[in-house]
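The lines below spell out each chain.
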Amino acid sequence: MLRHGSRFLSRATTMRWRRPFSTNLAADAPVDSNFLESWRKAIPNVEPPKTPSAFMATRPETPSSIPSKLTVNFVLPYSSELSGKEVDMVIIPATTGQMGVLPGHVATIAELKPGVLSVHEGNDVSKYFVSGGFAFVHANSFADIIAIEAVPLDRVDPNLVQKGLTEFTQKLSTASTDVEKAEAQIGVDVHSALNAALTG
Amino acid sequence: MAMAALRREGRRFATPLISPNPTNALRSSLIPSQEPVSSGVRCISTQVVRNRMKSVKNIQKITKAMKMVAASKLRAIQTKTENSRGLWQPFTALLGDTPSVDVKKNVIVTISSDKGLCGGINSTSVKISRAIHKLNSGPEKENKYVVLGEKAKAQLLRDSKKDIELIMTELQKNPLNYTQVSVIADDILKNVEFDALRIVYNKFQSVVAFLPTMSTVLSPEVVEREAEAGGKLGELDSYEVEGAETKAEVLQNLAEFQFSCVMFNAVLENACSEQGARMSAMDSSSRNAGDMLDRLTLTYNRTRQASITTELIEIISGASALEG
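Residues numbered from 1 in each chain as written. Chains lettered and ligands numbered in written order. Predicted model: local features only at pLDDT ≥ 70, side-chain atom pairs only at ≥ 80, totals over all residues.

### Structural notes on the overall build of chain A
For the record, the criterion: Helix and strand definitions here come from DSSP, where helices need a minimum of 4 consecutive H or I residues and strands a minimum of 2 consecutive E residues; each element is numbered from the N-terminal end. For every residue, the other C-beta atoms within 10 Å of its own C-beta are counted; 20 or more classify it as buried, 12 or fewer as exposed, and values in between as partly exposed. C-beta atoms are placed from the backbone. Two residues qualify as a contact pair if the distance between their C-beta atoms, derived from the backbone, is within 7 Å.
Each helix and strand counted, chain A has four helices and 10 strands in total. Seen in sequence order, chain A has helices and strands lined up from the N terminus as α-α-β-β-β-β-β-β-β-β-β-β-α-α. Across the 200 residues in chain A, those meeting the buried criterion constitute 31%. Across chain A, the fraction of contacts at a sequence separation of at least 24, relative to all contacts at a separation of at least 6, is 52%.

Encoded structure:
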């Protein structure tokens, strides 16, 4: 009868890890009291609307000693790839160059360029190709990475990358207007970054 | 199409009610306790009740179908919405939640649906938008609306036409995706001047519960000003900025990206609430139609029975008169 007990337990924990973002939290999160007060004064007969902070977990304060792990949230418009996952290191493709983030990293806001994001967890390294976005590293060893599109690197077809690269290079040379040129330049950038990621 | 049919049915269904001399049958359906047969009436027409039963049945069919459609759409959009919930959280963690920020140019982005028959979600967002307008109004302050969706447009055009800056409709012609929403966000950023954008939408909690919500997105200048002034955004100064040449440039990009991400989630949440609300509205109206049908059937049967009884009495009493 208890044979399946462990399975249920493990499922419960994985579920908690898989979607901690989407759970609706109780309203004990800090809500702007100034806002509530002024709202009640101005519009007494309508309930004040919720604000986003009511729906998310509060982040912990910056600890006095550097924690051993880095907590990573990696989100895309259509999914939360990693949420609250504790890892050893991430390498972020910032516009200024690859940026390794370890626990205790200085608080940073970085823009991303197309490139490889690698997540190091013990001996496991998972690599994603991201198309661009933003990364925030907080002082409390939290890292938030937001990208528009990301795919695991092993799902990219090298042949198609080569084909796309030649196509966009050709387009860039024949482009006449500024808009076309910019579009072709983006295409070339993305494809050469992909190419470099696959070969390198 | 279904809605047009419903309206037509509704009209047909309303006509007997409006007609100048309602028949006995109809009156009795409204007050069932009253005896349907009045004295002197020999034959009661059941035609009216029959027609009405037919139209109620048709309405029920339509509402049931609409409920099915809403339920299947809801399932698809609900997973999408739940997956998009991670998207705005990093921004709130970084830039904080600032509903009480005091700025000159407020732009209220009201998100609503294009189609009706979905409960009170559209009027809720309009009501909240109006309240925010009132809350932030004052001397030297400017409040503008940006309206998404047909329904809020109809309600806001009535009394605040001069404040509406931009109207967009037909968001959900194609399934919602990030590209589409970021194009809309881009349009808003290009055409509207703002210090703070207040995005009003219904957050989906469950099929029957929707929470009116307001997200605030600040313009880069305001973010910088607030960060210098300390308070909620005071921590932002401690962040090292990497990327473009200046901090202002990065903040500009950041604010635009934040707006598109928040909008994406807001539009999805609202679409999800819309389907949920439509589903429960259609469910209750099919139940109502069922109840009405039961009552009408009862009346119909009773009337028929009464006319048969009357006829029998007439025959019997006629026969007995002949005998006697």
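### So, the UniProt feature "domain: ATP synthase F1 complex delta/epsilon subunit N-terminal" (unreviewed entry) in chain A
The line we're drawing: UniProt positions are given in the numbering used here, feature names are shortened, and annotations may be inferred rather than shown by experiment.
The sites that carry the UniProt feature "domain: ATP synthase F1 complex delta/epsilon subunit N-terminal" (unreviewed entry) are, in the present numbering, residues 70-141 of chain A. Measuring from the first to the last C-alpha atom of residues 70-141 of chain A gives 5 Å, for a span that is 0% helix and 71% strand.

### Some remarks on the environment of A:Gln185
Residues and elements named next belong to chain A. Assignment of secondary structure puts glutamine 185 in helix H4 (residues 178-199). For glutamine 185, a count of 14 C-beta atoms within 10 Å corresponds to the partly exposed category. C-alpha separation for the pair glutamine 185 and alanine 175, spaced 10 residues apart in sequence, amounts to 9.9 Å.

### A word on the packing of helix H5 (residues 121-136) of chain B against helix H6 (residues 150-159) of chain B
When two helices pack together, their arrangement is given by the angle between their axes and by how far apart the axes lie. Residue and element names in this part refer to chain B. Note the threshold: For helices, the axis comes from a line fit to the C-alpha atoms of the stretch in contact; other axes are also lines fit to C-alpha atoms, and the angle between any two N-to-C directions lies between 0 and 180 degrees. By the definition adopted for this analysis, an angle is roughly parallel if under 35 degrees, roughly antiparallel if over 145, roughly perpendicular if from 65 to 115, and oblique otherwise. Crossings are classed by handedness, with left-handed meaning an anticlockwise turn of the near helix from the far one by less than a right angle and right-handed meaning a clockwise turn. Side-chain classes are defined by residue name, with Ala, Val, Leu, Ile, Met, Phe, Trp, Tyr, Cys and Pro counting as nonpolar, Asp, Glu, Lys and Arg as charged, and the others, Gly among them, as polar.
The N-to-C vectors of H5 and H6 enclose an angle of 50 degrees; their axes lie 9 Å apart at closest approach. Taken together, the axes of H5 and H6 are oblique relative to one another. Every pair of crossing elements has a handedness; the one defined by H5 and H6 is right-handed. Residues Asn122, Ser123, Ser125 and Val126 of H5 pack against Lys151, Ala152, Gln155 and Leu156 of H6. The class makeup of the residues in the contact of H5 with H6 is three nonpolar, four polar and one charged.

### A look at the packing of helix H8 (residues 220-229) of chain B against helix H9 (residues 247-323) of chain B
All names here are of chain B. As a packed pair, H8 and H9 sit with axes 8 Å apart at the nearest point and diverge in direction by 120 degrees. Handedness of the H8/H9 crossing: right-handed. Together, Pro220, Val223 and Glu224 of H8 and Ala248, Leu251, Gln252 and Ala255 of H9 make up the contact between the two elements. Its residues assigned to classes, the contact of H8 with H9 shows five nonpolar, one polar and one charged.

### Notes on the interface of chain A and chain B
In this complex, chain A contributes 40 residues to the contact, which on the side of chain B involves 42 residues. Contributions of two or more residues to the side of chain A that touches chain B are made by helix H2 (33-42), strand E1 (70-76), strand E2 (79-87), strand E5 (108-112), strand E8 (133-137) and strand E9 (142-147) of chain A. Here the element with the most residues in the side of chain A that touches chain B is H2(A); it accounts for five residues. Partitioned by chemical class, the residues of the side of chain A that touches chain B number 22 nonpolar, 13 polar and five charged.

### Remarks on unusual backbone geometry
As a rule of thumb, non-glycine residues mostly have phi less than zero, and peptide bonds are mostly trans rather than cis. A positive phi angle is found at A:Ser141, which is not glycine, with a value near 60 degrees. At B:Glu140, a position not held by glycine, the phi torsion is positive, near 65 degrees. Within the fold, B:Glu140 resides in the loop between H5 and strand E2 (142-148). Using a count of 5 C-beta atoms within 10 Å as the deciding quantity, one classes B:Glu140 as exposed.

### Observations concerning the pairing of strand E3 (residues 164-168) of chain B
Residues and elements named next belong to chain B. Cut-off, in case you're wondering: Any two strands are treated as partners once DSSP identifies two or more bridges connecting them. Look down the strands so they point away from you; if going from the first strand over the helix to the second traces a clockwise path, that crossover is right-handed.
Across four bridges, the pairing between E2 and E3 is parallel. Residue valine 147 lies in a different strand from E3, and its bridge partner there is isoleucine 167. Crossover handedness for the path E2 to H6 to E3: right-handed.

### As for the nonpolar core
Short version of the rule: In this description, a nonpolar core means buried residues of the types Ala, Val, Leu, Ile, Met, Phe, Trp, Tyr and Cys, linked to one another by C-beta atoms lying within 7 Å. Residue ranges for the domains trace back to a domain assignment, done automatically or taken from a database.
With 107 residues, the main nonpolar core has A:Ala135, B:Val109, B:Ile199 and B:Val267 as its most contacted residues. When residues of this core are assigned to their parent elements, the largest contribution, 20 residues, is made by H9(B). Taken domain by domain, this core gets at least three of its residues from each of domain 1 (67-154) and domain 2 (157-199) of chain A. Excluding residues that lie within four positions of it along the chain, B:Ile199 makes contacts with B:Val109, B:Ile111, B:Met214, B:Ser215, B:Val217, B:Val262, B:Met263 and B:Ala266.

### A short note on the sheet that holds strand E1 (residues 105-111) of chain B
Sheet strands pair by backbone hydrogen bonding; their relative direction is either parallel or antiparallel. Residue and element names in this part refer to chain B. Sheet architecture is open: five strands sit in the order E3-E2-E1-E4-E5, paired in mixed fashion. Of all strands in the sheet, those with a lone pairing partner are E3 and strand E5 (209-218), marking the two edges. Taken over all neighbouring pairs, the strand axes of this sheet differ in orientation by 20 degrees on average, direction set aside. With respect to the sheet, H5 is in contact with E1, E2, strand E4 (196-206) and E5, its orientation differing from that of E4 by roughly 145 degrees. Packed on one face of the sheet, H9 meets E1, E4 and E5 and runs near 35 degrees to E4.

### A word on the domain arrangement of chain A
Frequently, the measure chosen for interface size is the accessible area removed from exposure when the parts meet. Residues and elements named next belong to chain A. Examined at the domain level, chain A breaks down into domain 1 (67-154) and domain 2 (157-199). The distance between the C-alpha centroids of domain 1 and domain 2 comes to 25 Å. Contact residues are listed per partner, giving six residues for domain 1 and five residues for domain 2. In the side of domain 1 that touches domain 2, the residues fall into four nonpolar, two polar and no charged.

### Regarding H8(B)
At 3.6 residues per turn, the α-helix brings residues three or four places apart onto the same side. Residues and elements named next belong to chain B. Our working rule: This arc is built from the directions going out from the helix axis to the C-beta atoms.
Among the residues of H8, those classed as buried are Val222, Val223, Glu226 and Ala227. For H8, the arc enclosing every buried residue in end-on projection is 135 degrees, short of the 170-degree limit, so these residues lie on one face. More than 90 degrees from the buried face of H8, the exposed residues found are Glu228 and Ala229. Once H8 finishes, glycine 230 follows within two positions and takes phi at roughly 85 degrees, a positive value.

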